[in-house]
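# Coordinate analysis (summary)
Listed below are the residues making up each chain.
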Amino acid sequence: KKECTAKGSIHNPVVGMKYRLDGRWAKDAQRNTWTFVFKSSELTFDASKEGFVRYLSSEVKGIGQKIAEVIYEKYGANAFETLESNPIQVANDIPGISLERATEISTYLKKEAGLRDLRKRMYAIGLTNWQINTIIQKYGKEAEKVLREDCFKLTEIKGLGFKRVSSIADMLEIPKDDPGRMRAAVMYAIDAIMEDGHTCILGHEIISKAQELL
């Protein structure tokens, strides 16, 4: 229960929710203090009333603060589990929530659970927190398929240029002569030459630049 400082990135953090952080302790020798530096985070869904209400009313469409409070008062610590697994009970117990709405909430929470598992697998590959959240925001559950089948499609995302995506491809053990990698290298080479102000590009210049990247 001792307070400490943690340093890292959490996707859409909610005050009052509990998170599991994986990382290491680092000591500041000058200040003689310790900071927990984490590389990954996971929402545990073990929350205070405040955290539950904030999460549900901000993340789940159509659920306001008052209904979220009623749900928590009814189910307490089992609120998330009940919402996810038993929409019929929720519809019967909570005024203002129809069976259709309760089913939508259940589906949303199950989808989020799937994304948590996807994030774990992406961390295992070696991706950073920012990369994972950016890729999932773009492709959702299709993110893993994109990574495995068309990794260099990630260059569509701002901030993920060829060099960064190439590093991700290396983590996935994608061959250097992969057609997708070569195509992306050529496109990157054209963009780089154009940024230098050229309006006419010779073919051998593109090939030479692409070969450097590969």
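What comes next is a walk through the structure.

What counts, and at which threshold
Residues numbered from 1 in each chain as written. Predicted model: local features only at pLDDT ≥ 70, side-chain atom pairs only at ≥ 80, totals over all residues. Heavy atoms only, no water. Phe/Tyr/Trp six-rings, centres within 6.5 Å; stacked < 30°, edge-to-face > 60°. Helix = DSSP H or I, 4+ residues; strand = E, 2+ residues; numbered from the N terminus. Buried < 20%, exposed > 50% of the residue type's maximum accessible area, 1.4 Å probe, protein only. Salt bridge = Lys/Arg side-chain N within 4 Å of Asp/Glu carboxyl O.

### Things to note about the packing of aromatic side chains
Each aromatic ring pair is characterised by the separation of its centres together with the angle its planes make. Counted according to the given criterion, the structure contains five aromatic pairs. Aromatic pair Phe52 and Tyr72: ring centres 5.5 Å apart, planes at 45 degrees, arrangement tilted. Of this pair, Phe52 sits in helix α1 (residues 49–59) while Tyr72 is found in helix α2 (residues 65–75), placing the two residues 20 residues apart along the sequence. Classification of Phe52 as buried rests on a relative accessible area of 1%. Relative accessible area serves as the criterion here: at 19%, Tyr72 is assigned to the buried category.

### Considerations on the pattern of salt bridges
Across all of its chains, the model carries six salt bridges by this definition. Here Lys49 ties to Glu73 by a salt bridge, and the two come within 2.6 Å at their closest N and O atoms. Of this pair, Lys49 sits in helix α1 while Glu73 is found in helix α2, placing the two residues 24 residues apart along the sequence. The exposure class of Lys49 is partly exposed, given its relative accessible area of 34%. Its relative accessible area of 54% is what places Glu73 among the exposed residues. Here Arg181 and Asp170 are joined by a salt bridge, their closest N and O atoms 3.1 Å apart. Placement of Arg181 in helix α9 (residues 179–195) and of Asp170 in helix α8 (residues 162–171) is noted, with a sequence separation of 11 residues between them. Taking relative accessible area as the criterion, Arg181 reaches 1% and is therefore assigned buried. On the basis of relative accessible area, Asp170 is assigned to the partly exposed category, the value being 36%.

Everything listed is a geometric property; what it means functionally is a separate question.
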